[in-house]
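Working through the structure, step by step
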Amino acid sequence: MTRPKKSLNVESPSFTPNFTPKPANALPAMVKGIALSPKSAGAAAFTPKGSGTVTRAASMVGHSKQASDDFMPQHFFQPQQQQQQQQFSEFVPGQSFVPQQQMDSPPQNLHPQINPYADPFMSPQGHMSHHQSIPSLDGTQQINPYGPPAAGVTGQQFYQDNNSYRHPLNYHLYASVGPRRENMQPYQRASADFFIPDNIRDDLHKKSEAALQVFGNSTLPQTVEHFHSLVALDTNPSRTTTTFGYPSWIYKATSSKDGHTYALRRIEGFRLTSEQAIRSFQGWKRITCASVVRVHDAFTGRWFGDSSLIVVTDYHPLSRTLGEKYFPTINNTRVGKGASVGSAGSGPFVQEQDLWNYIVQLAGALKAIHEAGFAAQTVSASKVILTAKNRLRLNGCGVLDITQYEHRQAGGVGELQRNDLLDLGRLVLSLAARNASAQQNVQKSLEFIARAYSERFRACLVWLLNPPANDDLVSPTTTSEGAATVSDYNVGTLLTNISDKVISVLDSTLHYEDEMTNNLMRELENGRLIRLLTKMSVVLERPDISLTPTGTSTNSSSANQPSNAWSETGERYYLKLFRDYVFHQVDHEGRPVLNLGHIITCLNKMDAGTEEMVQLMSRDEQNIMIVSYREVKRGFESAWAEISKAAAGRR
Ligand SMILES: Nc1ncnc2c1ncn2[C@@H]1O[C@H](COP(=O)(O)OP(=O)(O)OP(=O)(O)O)[C@@H](O)[C@H]1O
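Read on for a plain summary of the structure. If you're wondering where the values come from, they're calculated on a predicted model, not measured in any experiment.

**Overview of the overall build of the chain**
Helices and strands together make up the secondary structure of the chain, namely 17 helices and 13 strands. Taking all 651 residues of the chain together, the buried fraction comes to 42%. Partitioning the intrachain contacts of the chain with sequence separation of at least 6 by distance along the chain shows that 64% fall at a separation of at least 24. Summed over all atoms, the accessible surface of the chain reaches about 34700 Å², with 53% contributed by carbon and sulfur.

**Side note on a nonpolar patch on the surface**
A cluster of nonpolar side chains, contributed by I503, L506 and L510, occupies part of the molecular surface with about 280 Å² of accessible area. Mapping L510 onto the fold places it in helix α14 (residues 499–539).

**A look at the site of the ligand**
Inspection of the region around the ligand gives 23 residues, with R265, D314, E324, K383 and N395 positioned closest. One of the backbone nitrogen or oxygen atoms of D314 is found 2.9 Å away from a nitrogen atom of the ligand. With respect to the ligand, the side chain of K383 contributes an N or O atom lying 2.8 Å from an oxygen atom. Burial of the ligand by the protein amounts to 96% of the accessible area it has alone, namely 610 Å².

**Considerations on the pattern of salt bridges**
Two side chains carrying opposite charge are able to pair once their charged atoms lie near each other. Going through the model one piece at a time under the given rule, you end up with 19 salt bridges. For R266, the salt bridge goes to D306, with nearest N and O atoms at 3.1 Å. Placement of R266 in strand β6 (residues 261–267) and of D306 in the loop between β7 (295–301) and β8 (308–314) is noted, with a sequence separation of 40 residues between them. Its salt-bridge partner being D580, residue R619 comes within 2.6 Å of it at the nearest N-O pair.

**Considerations on unusual backbone geometry**
Backbone geometry at S229 places phi at a positive 55°, although glycine is not the residue there. Take S229: it is sitting in strand β4 (residues 227–232).

**A closer look at the packing of aromatic side chains**
As enumerated under the stated definition, the model contains 13 aromatic pairs in all. For the ring pair Y251 and F304, a centre distance of 5.3 Å and an interplane angle of 15° mean the geometry is stacked. Here Y251 is found in strand β5 (residues 248–255), whereas its partner F304 is found in the loop between β7 and β8, with 53 residues between them in sequence. Overall, the relative accessible area of 6% leaves Y251 in the buried class. Here the aromatic cluster, defined as three or more aromatic residues joined through ring pairs, consists of F349, W356, Y453 and F457.

**A closer look at the sheet that holds β6**
The pairing of strands in a sheet comes from backbone hydrogen bonds and takes either a parallel or an antiparallel form. Overall, antiparallel pairing links the six strands, which are arranged β3-β4-β5-β6-β8-β7 in an open sheet. Edge positions in the sheet fall to β3 (223–224) and β7, since each has one partner strand and no second. With six bridges joining them, β7 and β8 adopt antiparallel strand pairing. Paired with T300 across the two strands is L309, which belongs to β8.

**A look at the nonpolar core**
If you look at the biggest cluster of nonpolar residues, it comprises 69 residues, and the most contacted ones within it are L322, L394 and F457. Per-element accounting of this core gives the leading share, 10 residues, to helix α7 (residues 352–371). Those residues in contact with F457 that lie beyond four places of it in its chain are E352, L355, W356, I359, V428, A432 and I449. If you look at the next biggest cluster of nonpolar residues, it comprises 29 residues, including W566, L577, M606 and V632.

**Considerations on the sheet that holds strand β10 (residues 384–388)**
Across the sheet, which stays open at both edges, the three strands sit in the order β9-β10-β11 with antiparallel pairing between neighbours. The open sheet has two edge strands, β9 (320–321) and β11 (391–394), and neither has a second partner. Across four bridges, β10 lies against β11 in antiparallel orientation. Each bridged residue has a counterpart across the sheet, and for V384 the counterpart in β11 is L394. Of the strands in this sheet, β10 and β11 are in contact with α7, which crosses β11 at around 30°.

**Looking at the state of the cysteines**
A full pass over the atoms with the stated rule returns zero disulfides. Of the cysteine sulfurs around C289, a residue in no disulfide, the closest is that of C397, at 9.5 Å.

**As for α7**
Between its first and last C-alpha, α7 extends 28 Å over 20 residues, near the 28 Å set by a 1.5 Å rise per residue. Immediately beyond the C-terminal end of α7, within one or two residues, lies G373, with a positive phi of roughly 90°.

**Here we look at the packing of α7 against helix α12 (residues 455–465)**
It is the contact of α7 with α12, at a shortest axis distance of 11 Å, that shows an interaxial angle of 35°. For the element pair α7 and α12, the recorded crossing hand is left-handed. Where α7 abuts α12, its residues E352, L355, W356 and I359 lie against R456, F457 and C460. For the contact of α7 with α12, the per-class residue count stands at five nonpolar, no polar and two charged.

**A closer look at the pairing of β5**
When you tally the buried positions in β5, you get eight out of eight residues, the bulk of the element. By the alternation rule, side chains of β5 split into S248, I250, K252 and T254 and W249, Y251, A253 and S255, which are all buried. Sheet analysis places β4 next to β5, joined by four bridges and oriented antiparallel. The partner of H228 across the bridge, within β5, is T254. As judged from the seven bridges shared by β5 and β6, these two strands associate in the antiparallel manner. Of the residues in β6, the one forming a bridge with Y251 is L264. Linking two consecutive strands that pair antiparallel, namely β5 and β6, is a turn of five residues; a positive phi of about 75° is found at G259 within it.

**As for the side chain of Q361**
Along the chain, the position of Q361 falls in helix α7. Reaching out from Q361, the side chain makes a polar contact with the side chain of N357 at a distance of 2.7 Å.

**Looking at the side chain of R572**
Among the secondary structure elements, R572 is positioned in the loop between α14 and α15 (573–583). Under the relative-accessibility criterion, R572 is labelled buried at 9%. A distance of 2.9 Å separates a polar atom in the side chain of R572 from a polar atom in the side chain of E642.

**Re the pairing of β8**
Judged by how many residues are buried, β8 sits mostly within the fold: six of seven residues are covered. As judged from the six bridges shared by β6 and β8, these two strands associate in the antiparallel manner. Each residue of the ladder has a partner; that of R266, found in β8, is I310. Turn length for the β7-β8 hairpin, with the two strands adjacent in sequence and antiparallel, is six residues, and the turn residue G305 shows positive phi of about 90°.

**Comments concerning the environment of N357**
Along the chain, the position of N357 falls in helix α7. According to the relative accessible area criterion, N357 is buried, its value standing at 14%. In sequence terms N357 and L392 are 35 residues apart; their C-alpha atoms lie 9.2 Å from each other. When neighbours within four sequence positions are excluded, N357 is seen to be in contact with N390 and V505.

Analysis parameters
- Residues numbered from 1 in each chain as written.
- Predicted model: local features only at pLDDT ≥ 70, side-chain atom pairs only at ≥ 80, totals over all residues.
- Heavy atoms only, no water.
- Helix = DSSP H or I, 4+ residues; strand = E, 2+ residues; numbered from the N terminus.
- Buried < 20%, exposed > 50% of the residue type's maximum accessible area, 1.4 Å probe, protein only.
- Contact = heavy atoms within 4.5 Å.
- Areas by Shrake-Rupley, 256 points an atom, 1.4 Å probe, with all protein chains shown as cover.
- Patch = residues over 30% accessible without salt bridge, like charges linked within 9 Å, V, L, I, M, F, W, Y side chains within 5 Å.
- Salt bridge = Lys/Arg side-chain N within 4 Å of Asp/Glu carboxyl O.
- Near = heavy atom within 4 Å.
- Polar contact = N/O pair within 3.5 Å; in protein donor to acceptor, adjacent residues only side chain to side chain.
- Phe/Tyr/Trp six-rings, centres within 6.5 Å; stacked < 30°, edge-to-face > 60°.
- Pairing = 2+ DSSP bridges.
- Core = buried A, V, L, I, M, F, W, Y, C linked by side-chain atoms within 4.5 Å.
- Axes fitted to C-alpha atoms, helices over the stretch in contact; angles between N-to-C directions.
- Disulfide = S-S within 2.5 Å.
- Expected span 1.5 Å × (residues − 1).
- Left-handed = near helix turned anticlockwise from the far one by under 90°.
- Nonpolar A, V, L, I, M, F, W, Y, C, P; charged D, E, K, R; others polar.

Structure, rendered in structure tokens:
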């Protein structure tokens with residue numbers, strides 16, 4: 001096989017880049033016989049062995065030099081190494097570098113409109129045809145890794161049963177487990193500090209996995225209207241008819257209209273008698289309160305073999321009802337609405353602060369609903385879901401407005417709205433008394449909670465649990481036992497009287513938002529670093545891009561050969577050494593040094609282009625270069641710009 005003539009080899013005339021430093025000692029064999037000391041002539045040739053490996057001098061073939069201790073990180077130099085260095089004249093910027101003003105001027109051989117930050121992956125030519133094969137080194141065609149799987153090839157060598165293999169989400173692999181170093185200085189960072197906290201990442205992974213979960217052999221209908229991939233969310237398989245007067249089921253489903261996941265609540269056996277019922281329901285769609293599960297649509301049909309009402313709402317993965325959280329061992333469907341099970345004090349203790357938080361959130365939900373002219377009617381432990389820690393949402397809204405439409409027309413909404421407040425009082429009472437049936441003996445339950453909670457809290461519950469029977473006026477914050485007037489017994493009065501609690505909930509929400517923004521900032525930095533790493537990977541040791549601007553390869557067989565620019569004589573050699581310095585450091589015994597702090601610091605300095613100098617050494621320890629991060633950055637950018645230019649030339 002005839003080797004193609006390279007654009008730059010030892011036979012080539014001297015080449016002086018006008019924008020990157022050209023170290024005399026570091027590029028010893030640019031021109032045959034020039035700048036090659038007798039010692040370095042006998043040096044081991046630099047032979048890259050793929051990415052990510054530190055090649056020991058001893059393992060190279062045909063070396064005249066004895067095995068050395070590999071290249072050392074800067075701070076690991078020992079006196080004997082320093083002695084060895086002194087035999088070589090160090091490469092010092094300013095002596096052999098091209099003049100500063102020349103370095104500062106942009107590379108003249110680059111196309112002026114090339115944007116080094118442009119995204120070449122988005123270019124039409126950047127997308128290789130799926131059916132295209134890549135010529136391999138030996139000239140034969142090899143499999144395109146991005147193409148469709150070829151029959152009998154892809155995957156089978158990795159997994160015995162390729163069809164049944166399922167990729168689990170390996171979120172556990174990211175967890176940084178303790179013990180952590182206690183004796184760190186304030187300026188020191190652990191690896192976990194560079195990423196969002198493990199618990200948040202773990203939580204988000206689990207939620208996205210839950211949202212994507214499907215069951216292949218489900219007996220549920222394939223589609224319901226334009227929804228498909230139904231998954232049952234009910235944790236209780238019994239056909240209870242508690243909340244809505246009909247058995248109700250809830251499913252996760254994907255909309256074929258927008259691809260989003262929704263929760264479908266099915267009211268089994270419901271027959272729609274009045275179109276008006278569905279029409280009046282439309283007002284629920286306009287309620288966009290953060291504490292109400294948003295309602296999207298309602299329709300009836302026979303997809304399940306019976307006549308069912310389907311109400312479409314937002315889906316909140318891995319949510320739990322308050323009943324499931326606080327009264328898990330009992331059938332909690334009527335907790336807060338006349339449950340008859342559970343014993344006093346059997347549930348977990350809930351902090352008063354958390355209970356105020358719940359009251360504020362649910363009062364906010366009721367305010368939005370009441371102002372829209374509706375009543376929630378679902379303030380019970382089975383219809384309030386926790387979508388995150390202490391984050392409540394009122395669920396099941398609007399269903400009773402359809403199923404009990406005629407009945408509702410007779411009575412006014414005001415009565416139902418007052419019932420919402422009473423239900424709120426019952427729900428909070430059951431949580432505070434740690435007893436699902438606390439409302440059956442309100443007096444005793446209030447005495448019980450007076451021991452653990454403040455008088456203010458108890459008085460608020462008293463006010464909620466005493467809806468007005470006449471015009472006796474009692475303020476919700478007064479400590480006397482009694483009821484408010486009809487005009488005062490509303491959610492507005494409640495919120496006014498607990499405004500200090502509303503403010504403290506707002507304050508903690510703002511703190512939480514700050515924390516989340518802070519977490520996002522960490523990922524922002526990681527996003528920048530991954531872009532930098534991507535650029536480096538695209539650039540480093542790339543096969544020769546001998547493309548003319550018109551898009552025709554000058555020599556197709558050279559396409560997979562490493563460019564001469566990366567050889568010891570090439571103008572990009574120091575970029576490769578920089579990669580070794582950042583990622584492939586070894587200690588004095590040749591063991592890899594894994595120091596994330598070093599890697600991130602170097603990448604940040606390179607990204608910022610600081611003037612700080614860095615000492616790079618070839619793997620055979622024959623060449624040492626001292627360059628600044630600024631020069632390294634410029635070298636990478638010009639290499640990137642060249643590749644961008646070649647990619648743009650294919651358009
Ligand atoms: N919008 C939703 N998104 C995600 N999960 C939900 C949603 N609504 C309810 N769930 C979950 O579905 C399960 C059943 O909810 P549901 O409202 O049917 O309660 P239930 O206890 O079965 O009450 P009922 O007997 O009245 O049906 C609960 O675990 C709840 O967290």
